[in-house]
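Descriptive analysis of the structure
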Amino acid sequence: MNNPKSGQGRDFPDTEPLSMVPHAEEYAATEPMPLAELHPAAAAPGGLSLELAPVGAGEYELMAEIRKEGRICPLPTRWLEFYRVLQDAAHGAALPAPPMSGSAWAANTPATKRNCFAAQVAWAVEQGCVPQAYEFLSALPKSDWYYGG
């Protein structure tokens with residue numbers, strides 16, 4: 001019913017839900033379609049088996065990995081190992097700034113460490129070294145990372 005305080009002064013009839021005509025042909029019961037029989041893939045010529053290629057990690061996965069749980073950078077020893085991965089993948093390209101270790105580690109802020117590491121990861125992306133970088137960094141245990149507070 002209409003709200004009398006609305007100022008309209010008219011009553012409208014109550015509405016009823018739409019009902020379906022159960023015996024109409026357009027509303028006949030449906031049945032699921034049977035699944036096609038599954039056949040194993042035929043062997044490729046020469047007896048080679050066809051398999052899907054492994055899906056490699058991309059730039060998005062690498063960036064998510066380095067930011068996970070507030071990570072700043074790997075601890076110095078592991079960071080040097082990561083830099084060696086970049087050196088191996090460089091193929092003559094100029095390398096980014098090396099990681100901080102020793103007195104440089106002690107003298108720099110977490111933000112400076114993060115920026116240095118982020119520059120190395122950006123270099124890996126530019127040089128097409130994402131798979132190698134991701135493989136190394138994703139294998140590091142939590143205890144090998146330096147975290148921000």
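Report follows, based on the coordinates. Small disclaimer: the values here were computed from a predicted structure and weren't measured.

Side chains that differ in sign of charge can pair as their charged atoms come close. This structure, assessed with the given rule, holds 5 salt bridges. As a salt-bridge pair, Lys68 and Glu65 come within 3.3 Å of each other at their nearest N and O atoms. Its salt-bridge partner being Glu69, residue Lys142 comes within 3.6 Å of it at the nearest N-O pair. Of this pair, Lys142 sits in the loop between α5 (130-138) and β2 (145-147) while Glu69 sits in the loop between α1 (59-67) and β1 (71-74), and the two are 73 residues apart along the sequence. Taking the relative accessible area as the measure of exposure, Lys142 reaches 53% and is therefore exposed. A single salt-bridge network, built from bridges that share partners, covers Glu65, Lys68 and Arg71.

The next thing to look at is the packing of α1 against helix α4 (residues 110-126). Helices that pack against each other are described as a pair by the angle of their axes relative to one another and the distance between those axes. Axis separation between α1 and α4 bottoms out at 11 Å; the angle between their running directions is 165°. When the interaxial angle is binned, α1 and α4 end up roughly antiparallel. When you trace α1 past α4, the crossing you get is right-handed. Seen from α1, the contacting residues are Glu59, Leu62, Met63 and Ile66; seen from α4, they are Phe117, Val121 and Val125. Residue composition of the contact of α1 with α4, grouped by class: 6 nonpolar, no polar and 1 charged.

Parameters at a glance
- Residues numbered from 1 in each chain as written.
- Predicted model: local features only at pLDDT ≥ 70, side-chain atom pairs only at ≥ 80, totals over all residues.
- Heavy atoms only, no water.
- Salt bridge = Lys/Arg side-chain N within 4 Å of Asp/Glu carboxyl O.
- Helix = DSSP H or I, 4+ residues; strand = E, 2+ residues; numbered from the N terminus.
- Buried < 20%, exposed > 50% of the residue type's maximum accessible area, 1.4 Å probe, protein only.
- Axes fitted to C-alpha atoms, helices over the stretch in contact; angles between N-to-C directions.
- Parallel < 35°, antiparallel > 145°, perpendicular 65-115°, else oblique.
- Left-handed = near helix turned anticlockwise from the far one by under 90°.
- Contact = heavy atoms within 4.5 Å.
- Nonpolar A, V, L, I, M, F, W, Y, C, P; charged D, E, K, R; others polar.

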